[in-house]
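A look at the structure
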Amino acid sequence: MEMILASAIGVLTAAGVYLLLRLRTFPVILGLAFLSYAVNVFIFASGRLAIDQSPILSRYGEASYTDPLPQALVLTAIVISFGMTAVLVMIGLAAYFEAESDRVDIDQNDDRAEGGK
Amino acid sequence: MMHWIILPVVMPALFAPIIGFVMRHDIGLARIASVTGTVLLLAVALFNAGMAATGETFVYRLGDWPAPFGIVLVLDRLSALMVLLTAVLAVIVLIHAIATGWDARGKHFHTLFQFQLMGICGAFLTGDIFNLFVFFEVLLIASYGLMIHAGGRDRVRAGLQYVVMNLAGSTLFLFALGTLYASTGTLNIADMARVIATIPAEEAALVRVAAILLMIVFAVKAALFPVQFWLPATYANASAPVAALFAIMTKVGAYAILRVHTISFGPGITPTEDLAATWLFPAAILTIAVGAFGVLGARRLMPLIAFSVLGSMGTLMAAVSAFSPEATTAALYYLVHSTFAAACLFLVADLVVARRNNDALRPVPATAQNGLFAALFFGAAIGMAGMPPLSGFLGKLLILDALREPGLMGWAWAAILGGSLLTIVGFARAGSVLFWSSTALEAPLAASPETRKAGAWELAPAMISIGMLALLAILALPVSGYLEDTALQIFDRAGYMTAVLGTGTEG
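Conventions adopted
- In this numbering scheme, every chain counts its residues from 1 along its sequence in written order.
- Starting at A for chains and at 1 for ligands, labels are handed out in the order in which the entities are written.
- Owing to the predicted nature of the model, reporting of local features is limited to residues with pLDDT of at least 70; listing and counting of side-chain atom pairs is limited to 80 or more, with chain, interface and lining totals taken over all residues.
- Note: side-chain values were computed over all heavy atoms of the structure, leaving out hydrogens and water.
- UniProt positions are given in the numbering used here, feature names are shortened, and annotations may be inferred rather than shown by experiment.
- Strands here mean DSSP runs of E at least two residues long; helices mean DSSP runs of H or I at least four residues long; both are numbered from the N terminus.
- Think of it in three bands: residues with accessible area under 20% of the maximum for their type are buried, residues over 50% are exposed, and the middle band is partly exposed, with areas taken using a 1.4 Å probe on protein chains only.
- Between two residues, a contact is recorded if the distance between any of their heavy atoms is within 4.5 Å.
- Each accessible area is a Shrake-Rupley estimate made with a 1.4 Å probe; only the visible protein chains count as cover when residues are assessed.
- Every radius of gyration here is taken over C-alpha atoms, with the globule rule written as 2.2 Å times N^0.38, N being the number of residues.
- Positive charges come from Lys and Arg, negative ones from Asp and Glu, while His and the chain ends are left out of the count.
- Here the site of a charge means atom NZ of a Lys, CZ of an Arg, CG of an Asp or CD of a Glu.
- Surface patches are drawn from residues lacking salt bridges whose relative accessible area is over 30%; two like charges belong together within 9 Å, two nonpolar side chains (Val, Leu, Ile, Met, Phe, Trp, Tyr) within 5 Å.
- Whenever Lys or Arg places a side-chain nitrogen within 4 Å of a carboxyl oxygen from Asp or Glu, that contact is recorded as a salt bridge.
- How sure the predictor is of each residue is captured by pLDDT, a score from 0 to 100.
- In this description, a nonpolar core means a group of buried Ala, Val, Leu, Ile, Met, Phe, Trp, Tyr and Cys residues linked to one another through side-chain atoms lying within 4.5 Å.
- To estimate the expected span of a helix, subtract one from its residue number and multiply by 1.5 Å.
- Buried area: the accessible area, evaluated with a 1.4 Å probe, that two parts lose upon being put together, summed over both parts.
- Pairs of N or O atoms are called polar contacts if they sit within 3.5 Å, as long as, within protein, a hydrogen donor faces a hydrogen acceptor (for residues adjacent in sequence, only side-chain-to-side-chain pairs).
- Charged means Asp, Glu, Lys or Arg here, nonpolar means Ala, Val, Leu, Ile, Met, Phe, Trp, Tyr, Cys or Pro, and polar covers whatever is left, Gly included.
- Think of a 1 Å grid over just the protein atoms. A cavity is a set of points where a 1.4 Å probe fits yet cannot get out, a pocket is an open set with protein on both sides within 12 Å along at least five of seven lines, and lining residues have an atom within 4 Å of a point.
- Grid points are joined across faces, edges and corners, and a volume is the space filled by probe spheres set on the points.
- Only the stretch in contact is used when fitting a helix axis, every axis being a line fitted to C-alpha atoms; angles between N-to-C directions are given from 0 to 180 degrees.
- Working definition: roughly parallel below 35 degrees, roughly antiparallel above 145 degrees, roughly perpendicular at 65 to 115 degrees, and oblique for all remaining angles.
- It is the rotation of the near helix from the far one that decides the hand of a crossing: anticlockwise by less than a right angle makes it left-handed, clockwise makes it right-handed.

Going by the annotation in an unreviewed UniProt entry, the name recorded for chain A is Na+/H+ antiporter subunit C, with Roseicyclus marinus given as the source organism. The heading Subcellular location (unreviewed entry) in the UniProt record of chain A holds the text "Cell membrane". Here is the UniProt Sequence similarities (unreviewed entry) comment for chain A, exactly as written: "Belongs to the CPA3 antiporters (TC 2.A.63) subunit C family."

With that settled, consider the overall build of chain A. The secondary structure content of chain A amounts to 3 helices and 0 strands. Burial statistics for chain A: of 117 residues in total, 29% are counted as buried. Contacts in chain A between residues at least 24 apart in sequence constitute 53% of all its contacts with a sequence separation of at least 6. For chain A, the computed accessible surface area is about 7,300 Å², with 66% contributed by carbon and sulfur atoms.

The helix and strand tally for chain B stands at 20 helices and 2 strands. In summary, chain B has a C-alpha radius of gyration of 22 Å against a globular reference of 23 Å for 507 residues, a match within 12%. Considered along the principal axes of its C-alpha atoms, chain B spans approximately 75 × 55 × 40 Å. For chain B, the residues scored as buried account for 64% of the 507 residues in total. By element, 71% of the accessible surface of chain B is carried by carbon and sulfur atoms, the whole surface being about 16,900 Å². Averaged over its 25 positive side-chain charges, chain B has a centre that lies 14 Å from the centre of its 25 negative ones.

A few words now on the side chain of B:Thr234. Residue and element names in this part refer to chain B. Structurally, Thr234 is set in helix α9 (residues 230–237). Here Thr234 falls in the buried class, since its relative accessible area comes to 1%. Look past the residues within four positions of Thr234 in its chain and what remains in contact with it is Met147, Tyr162 and Phe246.

All names here are of chain A. If you check UniProt for "transmembrane region" (unreviewed entry), the listed places come out as residues 26–51 and 72–97 in our numbering. End-to-end, the C-alpha atoms of residues 26–51 are 37 Å apart, and along that stretch the chain is 81% helix and 0% strand. Helix and strand shares over residues 72–97 are 100% and 0% respectively, and the end C-alpha atoms of the span are 38 Å apart.

A word on a nonpolar patch on the surface. Residue and element names in this part refer to chain A. On the surface, a cluster of nonpolar side chains totalling about 510 Å² of accessible area is made up of Val89, Met90, Leu93, Tyr96 and Phe97. With respect to the helices and strands, Met90 occurs in helix α3 (residues 69–99). With a relative accessible area of 55%, Met90 lands in the exposed category.

This part takes up the pattern of salt bridges. Residue and element names in this part refer to chain B. The tally for this structure, following the rule as stated, stands at 7 salt bridges over all chains. The partner of Asp154 in a salt bridge is Arg153, and the shortest N-O contact between them spans 3.2 Å. The class for Arg153 is partly exposed, based on a relative accessible area of 31%. Note that Arg404 and Asp401 form a salt bridge whose closest N and O atoms lie 2.8 Å from each other.

What follows covers the confidence of the model for chain B. Per-residue confidence for chain B averages 88 on the pLDDT scale, and 96% of its residues sit at or above 70. Prediction confidence for the complex, expressed as pTM and ipTM, is 0.92 and 0.89 respectively.

Counting residues in hydrophobic clusters, the biggest one holds 218 residues, and the most contacted among them are B:Ile129, B:Phe136, B:Phe173, B:Leu214, B:Phe218, B:Phe265 and B:Leu301. No other element matches helix α14 (residues 325–356) of chain B, which puts 21 residues into this core.

Our focus in this paragraph is helix α5 (residues 129–147) of chain B. An ideal rise of 1.5 Å per residue puts 27 Å on 19 residues; α5(B) measures up with 26 Å between its terminal C-alpha atoms. For α5(B), the buried fraction is high: 16 of the 19 residues fall into the buried class.

Let us now look at the interface of chain B and chain A. Tallying the contact residues gives 37 residues for chain B and 45 residues for chain A. Regarding the contact of chain B and chain A, the summed buried area is about 3,700 Å², with carbon and sulfur atoms giving 69% of it. In terms of surface lost to chain A, no three residues of chain B exceed B:Arg157, B:Leu160 and B:Tyr181, which account for 18% of the buried area on that side. Linking chain B with chain A are 0 salt bridges. In this assembly, chain B and chain A are joined by 4 residue pairs in polar contact (both at pLDDT 80 or more). Where the side of chain B that touches chain A is concerned, the elements lending two or more residues are α5 and α6 (153–184) of chain B. Ranked by the residues each element gives to the side of chain B that touches chain A, the list is headed by α6(B), at 19 residues. Per-class residue counts for the side of chain B that touches chain A are 20 nonpolar, 8 polar and 9 charged.

Let us now look at the layout of surface pockets. All names here are of chain B. What the largest pocket holds in volume is close to 500 Å³. Together, 17 residues line the largest pocket, and Leu81, Leu84, Met468, Leu472 and Val479 are the ones closest to its centre. At the level of elements, α2 (27–52), α3 (77–99), α14, α18 (456–474) and α19 (476–491) are the ones that each hand at least two residues to the lining of the largest pocket. Here the residues of the lining of the largest pocket sort into 17 nonpolar, no polar and no charged.

Enumeration over the complete set of coordinates arrives at 6 cavities of 30 Å³ or more. Lining the largest cavity are 16 residues, with A:Ser36, A:Ser81, A:Met84, B:Leu167 and B:Thr171 sitting closest to its centre. Counting only elements with at least two residues in the lining of the largest cavity, the list comes to α2 (25–46) and α3 of chain A together with α5 and α6 of chain B. Here the lining of the largest cavity is composed, by residue class, of 9 nonpolar, 6 polar and 1 charged. Here the second largest cavity defines a volume of roughly 110 Å³. Taken together, 15 residues form the lining of the second largest cavity, with B:Gly311, B:Ser312, B:Thr315, B:Lys396 and B:Thr423 sitting closest to its centre. The residue inventory of the lining of the second largest cavity, partitioned by class, reads 6 nonpolar, 8 polar and 1 charged.

A few words on the packing of helix α8 (residues 201–222) of chain B against helix α11 (residues 249–263) of chain B. All names here are of chain B. Closest axis-to-axis distance for the α8/α11 pair is 7 Å, and the angle between their directions is 155°. Judged on the interaxial angle alone, α11 and α8 are roughly antiparallel. Our pair here, α8 against α11, has a crossing hand that is left-handed. Here Ala211, Leu214, Met215, Phe218, Ala219, Lys221 and Ala222 of α8 lie close against α11, whose contacting residues are Met249, Thr250, Gly253, Ala254, Ala256, Ile257, Val260 and His261. A breakdown of the residues in the contact of α8 with α11 according to their chemical character gives 11 nonpolar, 3 polar and 1 charged.

Have a look at this one:
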């Protein structure tokens with residue numbers, strides 16, 4: 001299971017970084033989504049892998065349980081990355097409609113002396 | 001339990017939705033509420049600073065859970081100072097935004113402004129590294145809105161880069177947190193210090209990796225050399241009051257490095273103690289160089305100022321990276337100074353740019369109050385470049401004095417002095433083109449100078465921030481005395497750990 005999980009995180013991260021470097025709005029958004037999936041799985045793994053164990057102490061069974069904290073952290077991280085993705089989509093759309101180009105990098109005219117306020 | 005400590009976080013968090021939901025159609029009401037909230041924040045920050053000045057470390061346990069398990073807010077001299085700085089800056093920026101009408105040029109300025117304050121104050125107060133992440137996200141998501149406030153093609157495009165950059169940074173932050181949690185089993189800064197100090201050698205490499213990742217994340221926030229490229233575009237394209245408020249945001253990165261690398265990864269903790277000196281110092285020196293050459297090469301006013309902010313961050317981080325109490329005292333003095341200097345420059349530049357209609361560095365016919373703006377720009381520029389009599393000179397002097405170690409001295413002195421020289425040249429050139437060449441041209445017929453004069457309220461914020469620089473220079477002795485105590489408190493790791501983890505004083 002460790003092998004599968006580790007390679008999943010690796011593949012997701014690699015895909016995310018690759019898409020991020022495409023420097024066009026839509027791939028970049030997808031890339032960040034991949035990265036946040038990778039990081040969510042990674043945080044899960046930081047509490048050590050366990051199978052069939054609840055994240056809370058069972059009052060009746062034996063006292064074997066998995067670490068609850070990473071689950072709380074992942075929950076927070078998911079909510080935040082979800083919100084951020086929404087913001088990013090909105091800003092990406094706005095930038096696309098304003099500039100009529102979906103490139104994320106700096107355009108040639110950026111340091112023009114005229115300047116635009 | 002004293003609830004004063006959490007007020008800087010809770011209060012803006014309450015004001016923001018009220019302004020957003022109730023007052024979104026009435027800019028007048030929103031302004032009143034926003035000013036009220038910010039002034040109250042200043043009052044609370046003053047009270048907190050007074051409390052922290054006694055030298056005690058106050059701990060606020062949320063839900064009254066004991067420290068390693070529950071979330072804590074920590075108020076010591078450093079966090080009180082940073083919150084106070086944020087509040088003073090916020091009042092100045094808010095007056096400027098209202099007086100010049102920037103807040104009415106887009107939606108939800110005041111809501112985002114309050115959320116931004118909440119995030120910044122939270123980041124300064126938290127004693128838990130995951131909460132640091134959460135507050136980072138709060139301040140970032142508000143800053144995304146503020147960054148593209150008032151819209152426009154260039155601004156939105158620069159905003160997109162800023163957002164993508166920071167989201168990538170956030171992901172890195174989470175990777176660092178996951179690694180840290182996996183190897184130490186805690187995310188509380190004080191508890192982590194306890195665990196890392198006794199970590200077995202085979203786990204140490206993992207902690208080191210996490211510490212480096214964290215440093216990269218904070219360096220992104222502080223705009224240090226390899227990851228500084230977002231700053232000039234962002235600051236140059238944001239609306240001026242927003243850029244002035246962002247002057248504190250780079251300091252959040254500096255604060256986080258200072259906090260985490262003294263308490264958790266600090267001196268005496270073998271796996272990570274050498275990180276700061278090895279990586280941070282060269283990065284800071286290169287940042288100064290990038291900033292200085294940027295100032296020299298800029299062809300527009302706003303990028304010029306943005307690059308000078310970069311240079312000042314480099315100077316600040318050079319002092320921080322020495323991690324000695326003397327250098328930290330100097331760094332804190334320079335931190336306070338550079339926040340006001342950057343804000344002041346952006347505010348003055350806004351007044352100038354609004355009258356010239358663009359920020360290109362080429363002569364246009366003189367605008368109304370040319371002399372006054374020239375004087376203000378001159379004042380702000382000598383503040384930023386670090387010339388006497390304003391506080392930048394003393395700040396740089398303190399930093400140079402603190403960086404006397406033979407290994408550091410050559411590089412640091414050369415970079416700081418050379419950087420200052422280039423900055424002065426850049427500002428002198430910009431000022432002479434903007435204000436002196438202008439008077440040589442004939443006045444245009446169409447523009448009526450009377451209508452575009454700046455009122456007292458528009459000038460006040462810029463003048464107050466220059467006043468703060470002068471005050472900082474006049475009160476240099478008491479202020480540096482206070483900061484010396486602050487630096488000693490930062491390096492008193494045992495005191496921090498007892499306060500947070502032990503049965504120490506309940507704040």
